Amino acid sequence: MSTPPLPREVLAQLPTGLLVDGQWRPSSTGATFAVEDPATTEVVTEVADASADDALAALDATSRAFEEWRAVAPRERAETLRAVFDRMTARAEELAAVVTAEGGKPLAEARAEVAYGAEYVRWYSEQAVRIDGLARRAPAGTNHQVVMHKPVGPAYAITPWNFPIAMATRKIAPALAAGCTMVVKPAQLTPLTTAFFAEIVREVLAERGLPAGVLAVVPSSSARRVSEPILADPRLRKLSFTGSTEVGRSLLKSAADGILRTSMELGGNAPFLVFEDADVEAAVQGALAAKMRNAGQTCVAANRFLVHSAVAEDFAAGLVAAFGKLVVGHGAAEGTSVGPLIEAAAVDKVEELVAAAVDRGASVRLGGERPDRRGYFYSPTVLTGVDREAPTVTEEIFGPVAPIVTFDTEAEAIELANGTEYGLVAYAFTRDVNRAFRLAEAIETGMLGINRGMVSDASAPFGGVKSSGLGREGGEAGLEEYLDSIYLAI
Ligand code: SIN
């Protein structure tokens, strides 16, 4: 099957510069870096490589724009975001083509990501006019208490490559709704989708006569080079990051110096529990959703399949049958259901994790190999008899591999689920509603899917506990992350 390239007319419209004060411009050093299609390893295009000076110029522009944007009426901020949502939706096909070209995911998934990303913009357009306060009489009866909210100030977002549009809108939309301005550093591997989206925002701001510097974008081949000067600048008031726990820890240390508000969506090691009373077919379908979205490259991907021994063989057979029907290929090719991993190192890591499980006695029931084709592919893989201490179980896989571990009691399942430093999401399949609530109490997690392999929703608080992060994105909580309160004693 031939590989459709990114349509020429889409490529021609893609901004490849830095967005500073409403202008696309080259890097001050003239440097660029290449963006690759992971399914072919071919270069899609070159993008301006921001310097430290460019980063500070972006922060200058967003800091100036903040004074104007915070004063814009909430209704106007709402309508601006709604106009961005409408335009994103009208251009969804082009956006999806860019997501696939630089990230590799199948077009159907890219379209779903664009719709998911647009939903954050729509949700926060609706919330912009609902920033509530509080008024009440003080308990002592001596005075009144009024609580008002204000935007925290200029914000900085560092976004990941696995959802280049949805993770950008999940940060930009609440920031703008709250009255904050934002500098975004998109992932080096996928800067094009953010640029496409930022151009939509730029156009809408310009058409409505709003401050151009509300959103700045600084792609860079070195996160440190742009992040360090921005984080050290006292004008910055908020940092939002999605990525690994290791990088999150280091960013938190930098943020501590400036006493910055932070939202940190970090790594996961999601347990997927299947109890003896589960609908096993529904669990297999849930597992497909929880494991194979973006070829397993999501923070919420099911990482460990913990299955009651009474249903383990049925579940494993169902998973092998379901994974066996998946078609691996270029994301833009007709019929593809699993795209490539993002880069060569990702395939090496997945290969090592599978080998480590096999060394400790696991059986490869499906896959366990690189398909014979160009690009960074790994076959959908099912492993059974996996040792609980194997790195395949203790580390985040970020690939299309499902290791199955068995348990015999609910207490054992909970202990296994909690036996990790992470706590982003868990999934559980059971027909017992009492058990579902017991699990919600006992499992150390920020999110729990009951009989569902998918929890993400723009209107719900997404985030984790333990080493999976701080703060929430989405829903009402996502807006509060960009607001300070002021309490008046009257
Ligand atoms: C992530 O993988 O970080 C986000 C996935 C989602 O929002 O569903």
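Just so it is clear, the structure is predicted and the values come from calculations on it, not from any experiment.

Novice: Even after reading the chapter, I still don't get the nonpolar core, so can you show me in this structure?
Specialist: For soluble globular proteins, nonpolar side chains are generally found buried alongside one another. Ranked by size, the top nonpolar core spans 67 residues in total, and within it Phe272, Phe305, Phe315 and Leu319 carry the most contacts. Per element, the largest residue contribution to this core is 7 residues, and it comes from helix α10 (residues 280-292). For Phe315, the contacting residues outside a window of four places in its chain are Phe272, Val274, Val280, Ala283, Val284, Ala287, Phe305, Val307 and Ile404. Residues Ala65, Ala78, Phe85 and Val204 belong to the second largest nonpolar core, which totals 66 residues.

Novice: How should I be thinking about the site of the ligand in this particular structure?
Specialist: If you check the shell around the ligand, you find 13 residues, and the closest are Tyr116, Arg170, Arg293, Cys299 and Ser456. Between an oxygen atom of the ligand and a side-chain N or O atom of Glu265, the distance comes to 3.0 Å. One of the backbone nitrogen or oxygen atoms of Cys299 is found 2.7 Å away from an oxygen atom of the ligand. Taking a 2 Å distance to the grid points as the criterion, the majority of the atoms of the ligand fall inside the largest cavity. Of the residues belonging to the shell around the ligand, the class tally is 6 nonpolar, 4 polar and 3 charged.

Novice: Even after reading the chapter, I still don't get the sheet that holds strand β19 (residues 447-450), so can you show me in this structure?
Specialist: Read across the open sheet, the 7 strands follow the order β14-β15-β16-β13-β12-β18-β19; overall the sheet is mixed. Two strands close off the open sheet at either side, each with one partner strand: β14 (363-366) and β19. In this sheet, adjacent strand axes meet at a mean angle of 25 degrees when their direction is disregarded. Here helix α11 (residues 312-324) sits on the sheet and contacts β12 (270-274), β13 (302-308), β14, β15 (381-384) and β16 (401-407); the angle it forms with β14, its principal contact strand, is near 50 degrees.

Novice: Sorry if this is basic, but what is going on with unusual backbone geometry here?
Specialist: If a residue is not glycine, its phi is most likely negative; likewise, a peptide bond is most likely trans. In this structure, Ala295 is a non-glycine residue whose phi angle is positive, near 55 degrees. Locating Ala295 in the fold gives a position in the loop between α10 and β13. A positive phi angle, near 50 degrees, is found at Lys466, a position not held by glycine. On the basis of relative accessibility, which here comes to 36%, the residue Lys466 falls in the partly exposed class.

Novice: Teacher, can you tell me more about the sheet that holds strand β5 (residues 134-137) here?
Specialist: Picture the strands of a sheet paired through backbone hydrogen bonds; they go either parallel or antiparallel. The antiparallel open sheet is built from 3 strands, whose spatial order is β5-β6-β22. Strands with a single pairing partner mark the edges of an open sheet, and in this sheet they are β5 and β22 (483-489). Across this sheet, the average inter-strand angle for adjacent strands is 20 degrees, counted without regard to direction. Sheet topology note: the strand β6 (residues 144-151)/β22 ladder contains 7 bridges and is antiparallel. Note on β22: the bridge partner recorded for Gln145 is Ala489.

Conventions used here
- Residues numbered from 1 in each chain as written.
- Predicted model: local features only at pLDDT ≥ 70, side-chain atom pairs only at ≥ 80, totals over all residues.
- Heavy atoms only, no water.
- Core = buried A, V, L, I, M, F, W, Y, C linked by side-chain atoms within 4.5 Å.
- Buried < 20%, exposed > 50% of the residue type's maximum accessible area, 1.4 Å probe, protein only.
- Helix = DSSP H or I, 4+ residues; strand = E, 2+ residues; numbered from the N terminus.
- Contact = heavy atoms within 4.5 Å.
- Near = heavy atom within 4 Å.
- Polar contact = N/O pair within 3.5 Å; in protein donor to acceptor, adjacent residues only side chain to side chain.
- 1 Å grid on protein atoms, 1.4 Å probe; cavity = no way out; pocket = protein on both sides within 12 Å on 5 of 7 lines; lining within 4 Å.
- Sits in = over half its atoms within 2 Å of the grid points.
- Nonpolar A, V, L, I, M, F, W, Y, C, P; charged D, E, K, R; others polar.
- Pairing = 2+ DSSP bridges.
- Axes fitted to C-alpha atoms, helices over the stretch in contact; angles between N-to-C directions.

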